[in-house]
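Coordinate inspection notes
These are the residues of each chain, in order.
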Amino acid sequence: GDGEPLSLALRGEGDLAHATLQGEFTQGSRRLQLQPSTLRLDDGVVQVESVAVALAPGQVQVRGSIDLGADAPVLAVDVAASELEFGGADGAVPLRVEATARIDGPLTDYAASGSAQLQRGEERAELNLEGQGSEAGLAFDRLSLVSPHGRLDAAGRVDWSPQLQWKFDASLKA
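Quick summary incoming for the structure in this document.

Analysis parameters
In this numbering scheme, every chain counts its residues from 1 along its sequence in written order. Totals for whole chains, interfaces and linings use every residue, but because this is a predicted model, local features are given only for residues with pLDDT of at least 70 and side-chain atom pairs only at 80 or more, for both listing and counting. Side-chain numbers here rest on the full set of heavy atoms in the structure, without hydrogens or water. The numbering of helices and of strands both runs from the N terminus, where a helix is a DSSP run of H or I of at least 4 residues and a strand a run of E of at least 2. Here a residue-residue contact requires only that any non-hydrogen atoms of the pair lie within 4.5 Å. The protein chains shown are the only cover counted for residues, whose accessible areas, like all others here, come from Shrake-Rupley with a 1.4 Å probe. All tallies of charge rest on Lys and Arg as positive and Asp and Glu as negative; His and the ends of each chain are not included. Working definition for charges: the position is that of NZ of Lys, CZ of Arg, CG of Asp or CD of Glu. Note: two strands are recorded as paired if DSSP finds a minimum of 2 bridges between them. In this description, a line fitted to the C-alpha atoms serves as the axis of each element, helices being fitted only across the stretch in contact, and the angle between N-to-C directions of two axes falls anywhere from 0 to 180 degrees. By definition here, a salt bridge exists when the distance from a side-chain nitrogen of Lys or Arg to a carboxyl oxygen of Asp or Glu is within 4 Å. Burial here depends on accessible area, computed with a 1.4 Å probe over protein chains only, as a share of the maximum for the residue type. Under 20% is buried, over 50% is exposed, and the range in between is partly exposed. Candidates for patches are residues over 30% relative accessible area with no salt bridge; among them, like charges are joined within 9 Å and nonpolar side chains (Val, Leu, Ile, Met, Phe, Trp, Tyr) within 5 Å.

**Remarks on the overall build of the chain**
When its secondary structure is counted, the chain shows zero helices and 12 strands. Looking at the chain alone, contacts between residues at least 24 apart form 20% of all its contacts between residues at least 6 apart. Of the roughly 11200 Å² of accessible surface on the chain, a fraction of 56% belongs to carbon and sulfur atoms. Each charge class in the chain can be summarised by its mean position, and for the 14 positive and 26 negative side chains these summaries are 6 Å apart.

This is how it looks when you write it as structure tokens:
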């Protein structure tokens, strides 16, 4: 739980131009492992060659660049998640997730897109998202969830600053 002690170990080697990091975070039964990951800094641009986080089960991998030379950081980042599982406690069938996402543009006005394949037992669904974001929130032009039982289409906005709030319109077709 949240009151359980946590442990964090992070190791790195290299210099400002090239660094390799790895580490581990644990709290109770939760464990995240930062696999050997490579970052480069060249003329104000951080190149994320490979940052991989192993979960139990699954993995999230990040690649891309972050240009720190502009007024606001400019992102060109790809994220891939594989073999993630959620739930499954007390004999319930877990939700398995494979996903990709892309963030592209300045932090003040970036494009975001992503897709995910979801599976619980034999049931499958596909999730797709396209939108524009900033430091304050994300407006999504298209959020769709398609399964053999129907389709959900939505558009709206989620803000996390100055406080968490959201508004969206959705339609469900069975």
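Further notes follow.
**As for the sheet that holds strand S11 (residues 150-159)**
Read from one edge to the other, the open sheet built from 12 strands follows the order S1-S2-S3-S4-S5-S6-S7-S8-S9-S10-S11-S12, with strand pairing classed as antiparallel. Edge strands, defined here as strands with exactly one partner in the open sheet, are strand S1 (6-14) and strand S12 (165-173). Taken over all neighbouring pairs, the strand axes of this sheet differ in orientation by 10° on average, direction set aside.

**Quick word on the pattern of salt bridges**
This structure, assessed with the given rule, holds eight salt bridges. The shortest N-O distance in the salt bridge between Glu24 and Arg31 comes to 2.6 Å. Overall, the relative accessible area of 42% leaves Arg31 in the partly exposed class. By sharing partners, the salt bridges in this structure join Asp78, Arg102 and Asp104 into a single network.

**Structural notes on a nonpolar patch on the surface**
A cluster of nonpolar side chains, namely Trp160, Leu164, Trp166 and Phe168, defines an oily patch on the protein surface of about 510 Å² accessible area. Its location among the elements puts Trp160 in the loop between S11 and S12. Assessed through its relative accessible area of 43%, Trp160 is described here as partly exposed.

Taken by themselves, the reported measurements are silent on function.
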